[in-house]
Amino acid sequence: MDSTGTESSAGTGAEKDKAAVSLTKATPAPAPTTAEAPDIQSHDTFVIKKTLSLTAGEYVVSVARPDGSEGEPVAYAREKRLSLRGQVTVYTDASRKSVLADFKGRDHEVGYMYDVRDASGQSFGSFYEDAGASFLRRTWQVRQPGTMKLTGRERSRVVAFVRFVWEFVPYLEYVPFIWPYRFKYTESGKPLMTVTKKLGLHTRYVLEILAPDIDRRLAIAHTLALDALEVD
C-alpha cells in the first residue's frame, strides 16, 4: 500500500542508486602524473657512457655506485654530428620528451663560447676552450654566474702531448683515443671537480663533483662537450 510507504522507500532507493551512478560519472578519474626528473643535484659522482649511431652520438648519464659502476640513469643526451659548432641536448629520460639542458656554440672573442640553457632557453652557465693555454695541455674555462669560475686542465703533460700528436697522424684522427686521461678543475687553486676518461674501447667518463654549489646540469653538459667537441 501507498500508505505504508513501501513504494516510496523503493523509489528512494532507486533515486539513491541513480545519484550514485551520476556521482560516479561526474567524478573524473585522476589524471596520470608525469614522472619527475631525478634529483641530480643531490649526487656527486656520475658515469657517462657513449654509444654510436649512424646520425648521432648518444650518451647515458648514470649515478655512480660506490664501486664505480653505473647505477640509476638520470639523463640521456644526443649530439648533432653535423653541427659545426657543436650542439648537444640533454634529456631527463630515454623518451627524449623532456629537456634537462642543452648547449650550442656561438662566435666569441675567445673562439666559440658554449652557453648552457635550461628547458625554457634560459642560460645558467657557459664554457669555452682556452686556446692560449691549450697548446700543451687542453684547458677549459667553465663559468657559473654568481657562483664560481672553474679552470679545467689535463693533468698529464705526456698524455696530452700524445693526444695532440694522435690527431695529426693520417687516419688516426678517426680512431678513438683509448688511453685514459683526466681533467682537473680548480678555482684559485682549490680542486672542485674532475673528469676522467676510462681505459677501454668504449667511451666512458667518470664525473666527480667536489663542491655542492656546482650545478650538476652544467657539469654534465661540459663533460659531454669534452667528448662531443673533440675528434676522439
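Our subject is the structure that appears above.
Residues numbered from 1 in each chain as written. Predicted model: local features only at pLDDT ≥ 70, side-chain atom pairs only at ≥ 80, totals over all residues. Heavy atoms only, no water.

(A) Geometry of the environment of R153. Tracing the backbone through its elements, the reader meets R153 in strand β9 (residues 148-154). Sequence separation between R153 and D130 is 23 residues, and the spatial gap between their C-alpha atoms is 9.6 Å. Those residues within four positions of R153 in sequence are excluded, and the remaining contacts are R137, R138, T139, R182, F183 and K184. (Helix = DSSP H or I, 4+ residues; strand = E, 2+ residues; numbered from the N terminus. Contact = heavy atoms within 4.5 Å.)

(B) Highlighting the packing of aromatic side chains. A complete count under the given rule lists seven aromatic pairs for this structure. Look at Y114 and F127: their rings are 5.5 Å apart centre to centre, the planes differ by 15°, and that puts the pair in the stacked class. Placement of the pair is Y114 in strand β6 (residues 111-117) and F127 in strand β7 (residues 123-129), with a sequence separation of 13 residues. Pair check on accessibility: Y114 and F127 agree, each one buried. Here the aromatic residues F103, Y112, Y114, F127 and W140 are joined through ring pairs into a cluster of three or more. Note that R217 overlies the ring of F124, its terminal NZ or CZ placed 3.8 Å from the centroid. (Phe/Tyr/Trp six-rings, centres within 6.5 Å; stacked < 30°, edge-to-face > 60°. Buried < 20%, exposed > 50% of the residue type's maximum accessible area, 1.4 Å probe, protein only. Lys NZ or Arg CZ within 6 Å of the ring centre and 35° of its normal.)

(C) Region of interest: unusual backbone geometry. Phi at R96 takes a positive value of approximately 60°, unusual for a residue other than glycine. Following the sequence through the fold, R96 ends up in the loop between β4 (87-91) and β5 (99-108). Residue classification places R96 among the partly exposed positions, given a relative accessible area of 34%. In this structure, S188 takes a positive phi of about 55° despite not being glycine. Its location among the elements puts S188 in the loop between β10 (181-187) and β11 (190-197).

(D) Examining the pattern of salt bridges more closely. For the structure shown, the criterion picks out eight salt bridges. Across the pair R78 and E58 runs a salt bridge, and its minimum N-O distance is 2.4 Å. Of this pair, R78 sits in strand β3 (residues 70-80) while E58 sits in strand β2 (residues 56-64), and the two are 20 residues apart along the sequence. R78 sits in the partly exposed class, given a relative accessible area of 28%. Owing to a relative accessible area of 22%, E58 belongs among the partly exposed residues under this scheme. Between E70 and R204 there is a salt bridge, with its nearest N and O atoms 3.8 Å apart. Here R204 lies in strand β12 (residues 204-209) and E70 lies in strand β3, a separation of 134 residues in the sequence. Note on E70: relative accessible area 29%, which makes it partly exposed. (Salt bridge = Lys/Arg side-chain N within 4 Å of Asp/Glu carboxyl O.)

(E) Inspection of helix α3 (residues 216-228) at higher detail. Taking 1.5 Å of rise per residue, 13 residues should cover 18 Å, and α3 covers 18 Å from first to last C-alpha, within 8% of that figure. The element α3 is largely enclosed, with a buried count of twelve among its 13 residues. (Expected span 1.5 Å × (residues − 1).)

(F) Main features of the nonpolar core. Counting 41 residues, the largest nonpolar core has F46, F103, F127, I214 and L224 as its most contacted members. Top element by residues in this core is α3. It accounts for eight residues. (Core = buried A, V, L, I, M, F, W, Y, C linked by side-chain atoms within 4.5 Å.)

These values are about where atoms sit, not about what they do.
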